[in-house]
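What follows is the residue order along each chain.
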Amino acid sequence: MGAVTDAPLVRKTSTTLSDGRGLHYFDDTEPYLSGRATRTPHDPRPPSPRAAAGEPRWDARTGEWVTIAPARMDRTHLPAPGANPLAPSTALRSTEIPAHDYDVVVFENRFPALPRCEVICYSSDPAATVASLPARRMRTVIEAWADRTDALGAADGVEQVFCFENRGVETGVTLTHPHGQIYAYPFVPREAATVLHRAREHRAATGGNLLRERMLGELDAGARVVVSGRHWAAYVPHAARWPVEVEVAPLRDVPDLCALDDDERAELAVLYPELMARLDRYFTTADGTPIPLPYIAAWYQAPASDHGGDFRLHLRIMSMRRSPDKLKYLAGSESAMGAWINDAVPEEIAARLREAAR
């Protein structure tokens, strides 16, 4: 029997799949929430070899890590509805999730890029989206993010925990079921390392917190603010790189998802789906039908090397769609030189998102 622990709003049940990978149910509905029923850990599939994780390699030219993961070439790619590996299991077909229904579930990736890569399924409904999640279910997702950040961050050799979602085939998604991923890097990736370096430089020069001052500057300017509440603010960055880009940050200095208090988690559970619904109304067809937005939603959490509290939790939501029928491609300047050119004006992005309120 898997280990069972209680959270204030969620019951977590941990078990092991037939090939030894870990799986965790996060239940917010009965009969599992109260413990009247217990998740059974049995995975009926026969044991099979686990795919090898990728190998990090150091690029001396740029001072960055690159992960070589050939096993991912064989991962499932846009399966037919009847072959969805993230759907609940049935009496006739076993999937990655042995249960016949679930609320939120996290399991180790079958095709891992790194030794510790997990998949988080937001709903058992393959047609669900983050925008369609009720606040109660979004809160469970937040609890699962925090739980896995805490567990993976405590593992030996982990330097950075990254929770993210790719949505839409335009982002390279291979499974359309509503889900995200959680990577535990054995190094600090370039983006986080650069932000941390800049934050340390800023503190050394001014004594201030760069990310806090940046957020407060956006709130003070106002023109790029999309929505703000008691605990969170969402805004389009002054120097946005993508045609559609939003940053979400807590008003309190928080290093990671684990550090969010109950009120912050509760407000985020309402704000997040509402913001995603606005993004799904950003572009429309000629007759006004909303076009679901392809996006990458990325949580930036403090790396293990941030001992001084310079890093600050924030979320970036980025889309490569630049019009109803066009995408932005990373061409020569972006791909070769890392010098971004954005055709969209950040103030106009924010104005359109404010207008897209329900």
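Our structure's up above, just so we're on the same page.
Given the structure is predicted, the values throughout are model-derived calculations rather than measurements.

Some points on the environment of L327
Okay, so step 1: Here L327 shows up in strand β16 (residues 326–327).
Okay, so step 2: L327 sits in the buried class, given a relative accessible area of 19%.
Okay, so step 3: Spatially, the C-alpha atoms of L327 and D101 are 36 Å apart, while their sequence positions differ by 226 residues.
Okay, so step 4: In this structure, L327 is in contact with E170, M320, R321 and R322, ignoring residues within four places of it in sequence.

Considerations on the packing of aromatic side chains
Okay, so step 1: For the coordinates displayed, the defined rule picks out 14 aromatic pairs.
Okay, so step 2: Each ring, one from W58 and one from W65, has its centre 5.2 Å from the other, and the planes form 65°; the classification is edge-to-face.
Okay, so step 3: Here W65 falls in the partly exposed class, since its relative accessible area comes to 38%.
Okay, so step 4: When the ring of F164 is compared with that of Y183, the centres are 5.1 Å apart and the planes differ by 90°; the resulting orientation is edge-to-face. Taken together, the positions of F164 in strand β8 (residues 160–167) and Y183 in strand β9 (residues 179–185) put the pair 19 residues apart, joining distant regions of the chain. With respect to burial, F164 and Y183 carry one shared label: buried.

Section: the pairing of strand β7 (residues 117–121)
Okay, so step 1: For β7, the buried fraction is high: 5 of the 5 residues fall into the buried class.
Okay, so step 2: Burial along β7 is two-sided: the residues C117, V119 and C121 and E118 and I120 are all buried.
Okay, so step 3: In terms of strand pairing, strand β6 (residues 104–108) meets β7 through 4 bridges, oriented antiparallel. If you follow E108 over to β7, its bridge partner there is E118.
Okay, so step 4: In terms of strand pairing, β7 meets β9 through 5 bridges, oriented antiparallel. Counterpart to I120 in the pairing with β9 is G180.

Details of unusual backbone geometry
Okay, so step 1: Between E30 and the following residue, P31, the backbone shows a cis peptide bond with an omega angle of 10°.
Okay, so step 2: With respect to the secondary-structure elements, P31 resides in the loop between β3 (22–27) and β4 (55–59).
Okay, so step 3: Its identity as a non-glycine residue notwithstanding, L78 has a phi of 45°, on the positive side.

Some remarks on the pattern of salt bridges
Okay, so step 1: Summed over all chains, the structure comprises 31 salt bridges.
Okay, so step 2: With its nearest N and O atoms 3.1 Å apart, the salt bridge here joins R316 to E245. One end of the pair, R316, is in strand β14 (residues 314–319); the other, E245, is in strand β12 (residues 244–250), and 71 residues separate them in sequence. With respect to burial, R316 and E245 carry one shared label: buried.
Okay, so step 3: Here the residues in one salt-bridge network are D19, R21, D43, R45 and E96, joined through shared partners.

The rules we used
- Residues numbered from 1 in each chain as written.
- Predicted model: local features only at pLDDT ≥ 70, side-chain atom pairs only at ≥ 80, totals over all residues.
- Heavy atoms only, no water.
- Helix = DSSP H or I, 4+ residues; strand = E, 2+ residues; numbered from the N terminus.
- Buried < 20%, exposed > 50% of the residue type's maximum accessible area, 1.4 Å probe, protein only.
- Contact = heavy atoms within 4.5 Å.
- Phe/Tyr/Trp six-rings, centres within 6.5 Å; stacked < 30°, edge-to-face > 60°.
- Pairing = 2+ DSSP bridges.
- Salt bridge = Lys/Arg side-chain N within 4 Å of Asp/Glu carboxyl O.

Nothing here speaks to function; it is geometry throughout.
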